[in-house]
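What follows is the residue order along each chain.
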Amino acid sequence: MEKQLNILLVEDQRLMADSLKSLLETQPDFKVIAITSDVQEALRYCNDLAEIDLILIDIHLSDDGPSGLVLAEQIKTDFKKMKILVLSIYDDAPYIQQAKLVGANGFISKNAPGIETVRVIREVGNGNDTWPLNEIEDMPIERKPTPTELQVLKYIARGLTTAQIGIQLAMLEATVSA
């Protein structure tokens, strides 16, 4: 039998969190040890629960808090050995690349079948970074995103257009696009 993989779920949609927990607990080697939608609580769990092996983080948490990418980057800074898998409804290359840039170990789409989600979680839990697009592996990582780029990404994750993001951040639409 494989080693048990202890998982922290960070998801702001309760139905999605409960569904993921139900799916993951069908696996004898998975155990969801906590669910939270709160960034500070997630950081406390990382600090207090040494048994966490992997954190599954939604790319976009509540409108009031930082995105899951900001949380992922903070966890990777403070808890370097922690495995992080980013979860998102958006599975375009720029989102995947941003997850890679902040230090995540993998990315899975919320549209992926359950069997694929389980496979990717197991892969990341076993220490294998897992990315959905082959071209992502070939993309060079030259730098980390700036705070402004992360803000733009946060609004993109909410579904705003570049014009709407420009209004929110008081910048030209061309600047947002760049």
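See the structure printed just above.
Residues numbered from 1 in each chain as written. Predicted model: local features only at pLDDT ≥ 70, side-chain atom pairs only at ≥ 80, totals over all residues. Heavy atoms only, no water.

S.K.: Explain the overall build of the protein to me, and be specific about the residues and the numbers.
M.R.: Along the backbone of the protein there are nine helices and five strands. Reading the protein from its N terminus to its C terminus gives the helix and strand order β-α-β-α-β-α-β-α-β-α-α-α-α-α. Every one of the 178 residues in the protein was classed for burial, and the buried ones make up 44%. Put simply, of all contacts in the protein between residues at least 6 apart along the chain, 63% involve residues at least 24 apart. (Helix = DSSP H or I, 4+ residues; strand = E, 2+ residues; numbered from the N terminus. Buried < 20%, exposed > 50% of the residue type's maximum accessible area, 1.4 Å probe, protein only. Contact = heavy atoms within 4.5 Å.)

S.K.: Explain unusual backbone geometry to me, and be specific about the residues and the numbers.
M.R.: Positive phi, normally seen in glycine, also occurs at Ala170, with a value near 55°. Position of Ala170 relative to the elements: it lies in the loop between helix 8 (162-169) and helix 9 (173-177).

S.K.: An account of the layout of surface pockets is needed here, citing residue identities and associated values.
M.R.: By volume, the second largest pocket amounts to about 160 Å³. Taken together, Asp12, Gln13, Asp58, Ile59, His60, Ser88, Ile89, Tyr90, Lys110, Ala157 and Arg158 make up the lining of the second largest pocket. In the lining of the second largest pocket, the residues fall into four nonpolar, three polar and four charged. (1 Å grid on protein atoms, 1.4 Å probe; cavity = no way out; pocket = protein on both sides within 12 Å on 5 of 7 lines; lining within 4 Å. Points joined across faces, edges and corners; volume = space filled by probe spheres on them. Nonpolar A, V, L, I, M, F, W, Y, C, P; charged D, E, K, R; others polar.)

S.K.: Lay out the packing of aromatic side chains in plain terms, naming residues and giving numbers.
M.R.: Summed over all chains, the structure comprises one aromatic pair. Measuring from ring centre to ring centre gives 5.2 Å for Tyr90 and Tyr95, while their planes differ by 25°; the resulting arrangement is stacked. For Tyr90, a relative accessible area of 25% gives the class partly exposed. (Phe/Tyr/Trp six-rings, centres within 6.5 Å; stacked < 30°, edge-to-face > 60°.)

S.K.: Could you give me a rundown of the pattern of salt bridges, with the residues and numbers involved?
M.R.: The final tally for this structure, using the stated rule, is six salt bridges. Between Asp53 and Lys3 there is a salt bridge; the shortest N-O distance is 3.2 Å. Placement of the pair is Asp53 in the loop between helix 2 (39-48) and strand 3 (54-58) and Lys3 in the segment before strand 1 (5-10), with a sequence separation of 50 residues. Between Asp58 and Lys110 there is a salt bridge, with the nearest N and O atoms lying 3.3 Å from each other. With Asp58 in strand 3 and Lys110 in the loop between strand 5 (106-109) and helix 5 (114-125), the pair connects residues that are 52 residues apart, well separated along the chain. (Salt bridge = Lys/Arg side-chain N within 4 Å of Asp/Glu carboxyl O.)

S.K.: An account of the packing of helix 1 (residues 14-24) against helix 5 is needed here, citing residue identities and associated values.
M.R.: Think of two packed helices as two axes; the pair is described by the angle between the axes and how far apart they sit. Two numbers describe how helix 1 lies on helix 5: the axes approach to 10 Å, and their chain directions differ by 75°. It follows that helix 1 is roughly perpendicular to helix 5 by the angle criterion. Residues Leu20, Leu23 and Leu24 of helix 1 touch helix 5, and the partners they reach there are Gly114, Thr117, Val118 and Ile121. Classifying every residue of the contact of helix 1 with helix 5 by side-chain character gives five nonpolar, two polar and no charged. (Axes fitted to C-alpha atoms, helices over the stretch in contact; angles between N-to-C directions. Parallel < 35°, antiparallel > 145°, perpendicular 65-115°, else oblique.)

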